[in-house]
Amino acid sequence: MEETATITQNTFDQMYQYACNLFMAGQNVFEVKAALLERGLDTENAEYIVNTLQQQIVDAKRDKAKKDMLYGALWCGGGLILTLAHIGFIFWGAIVFGAIQFFRGVANLN
């Protein structure tokens, strides 16, 4: 009985990895689900795998957007502070780069 559960878990893990590879190759949700069904996975597990992967992709994009916002704010703020400190330089590069990165993060977060 335990051996059957292990085989089922291994099969599920293989299907999960297969679905990951399909998403990374650029296929959409419907194509991935159809491919899983063609390989013999039942509808419930195929939907579970696709929904789980979709949520992980959304979470990863949200985390990247938040990092872009943080690093953009740090670059822009640092450039502004150094410029306003009157040390003889204007740090336009850091200010502009930081602002672009920050607003890219804001756009990707929404």
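Parameters at a glance
Residues numbered from 1 in each chain as written. Predicted model: local features only at pLDDT ≥ 70, side-chain atom pairs only at ≥ 80, totals over all residues. Heavy atoms only, no water. Helix = DSSP H or I, 4+ residues; strand = E, 2+ residues; numbered from the N terminus. Rg over C-alpha atoms; globule rule 2.2 N^0.38 Å. Buried < 20%, exposed > 50% of the residue type's maximum accessible area, 1.4 Å probe, protein only. Contact = heavy atoms within 4.5 Å. Areas by Shrake-Rupley, 256 points an atom, 1.4 Å probe, with all protein chains shown as cover. Lys, Arg positive; Asp, Glu negative; His and termini not counted. Charge placed at Lys NZ, Arg CZ, Asp CG, Glu CD. Core = buried A, V, L, I, M, F, W, Y, C linked by side-chain atoms within 4.5 Å. Arc of directions from axis to C-beta. Polar contact = N/O pair within 3.5 Å; in protein donor to acceptor, adjacent residues only side chain to side chain. pLDDT = per-residue confidence, 0-100. Phe/Tyr/Trp six-rings, centres within 6.5 Å; stacked < 30°, edge-to-face > 60°.

**With respect to the overall build of the protein chain**
Item 1. Helix and strand counts for the protein chain stand at four helices and zero strands.
Item 2. Its helices and strands taken in sequence order, the protein chain reads α-α-α-α from the N to the C terminus.
Item 3. Relative to a compact globule of 110 residues, whose C-alpha radius of gyration would be 13 Å, the protein chain shows 23 Å and is clearly more extended.
Item 4. For the C-alpha atoms alone, the extent of the protein chain along its principal axes is close to 75 × 30 × 20 Å.
Item 5. Counting every position in the protein chain, which comprises 110 residues, the buried fraction comes to 24%.
Item 6. Pairs at least 24 apart in sequence give 49% of the contacts found in the protein chain among residues at least 6 apart.
Item 7. Accessible area of the protein chain: about 8,000 Å², with a carbon and sulfur share of 62%.
Item 8. Averaging the positions of the 8 positive and the 11 negative side-chain charges in the protein chain gives two centres separated by 15 Å.

**Notes on the nonpolar core**
Item 1. Judged by nonpolar contacts, the single largest core of 14 residues is most densely connected at Ala19, Val32, Leu36, Leu41, Ile49 and Leu53.
Item 2. Mapped by element, the contributors of at least two residues to this core are α1 (2–24), α2 (29–38) and α3 (43–84).
Item 3. If you tally residues by element for this core, the top one is α1, at six residues.
Item 4. Among all residues touching Ile49, those that are not within four sequence positions of it are Phe12, Met15, Tyr16, Ala19, Leu36 and Leu41.

**Some points on α2**
One turn of an α-helix holds 3.6 residues; hence residues three or four places apart share an orientation.
Item 1. Listing the buried residues of α2 in full gives Val32, Ala35 and Leu36. Here the buried residues of α2 occupy an arc of 100° about the axis, which is enough to place them on one side. Summarising the geometry of α2, the exposed residues directed more than 90 degrees from the buried face are Phe30 and Glu38.
Item 2. Where α2 begins, the side chain of Asn28 points an oxygen toward the backbone nitrogen of Phe30, at a separation of 3.1 Å.
Item 3. Downstream of α2 by one or two residues, Gly40 has phi in the positive range, about 100°.

**What to know about the confidence of the model for the protein chain**
Item 1. In the predicted model, the protein chain carries a mean pLDDT of 89, and 94% of its residues have values of at least 70.
Item 2. Looking across the protein chain, the model is least confident in α1, with a mean pLDDT of 77, and most confident in helix α4 (residues 92–109), with 95.

**Re unusual backbone geometry**
Item 1. The backbone of His86 sits at a positive phi, close to 55°, despite the residue not being glycine.
Item 2. With respect to the helices and strands, the residue His86 is situated in the loop between α3 and α4.

**Considering the packing of aromatic side chains**
Item 1. Here the structure, examined in full by the defined rule, presents four aromatic pairs.
Item 2. Pairing Phe12 with Tyr48 gives two aromatic rings, centres 6.2 Å apart and planes at 35°, and the pair type is tilted. Highlighted residues: Phe12 in helix α1 and Tyr48 in helix α3, separated in sequence by 36 residues.
Item 3. With a relative accessible area of 49%, Tyr48 lands in the partly exposed category.

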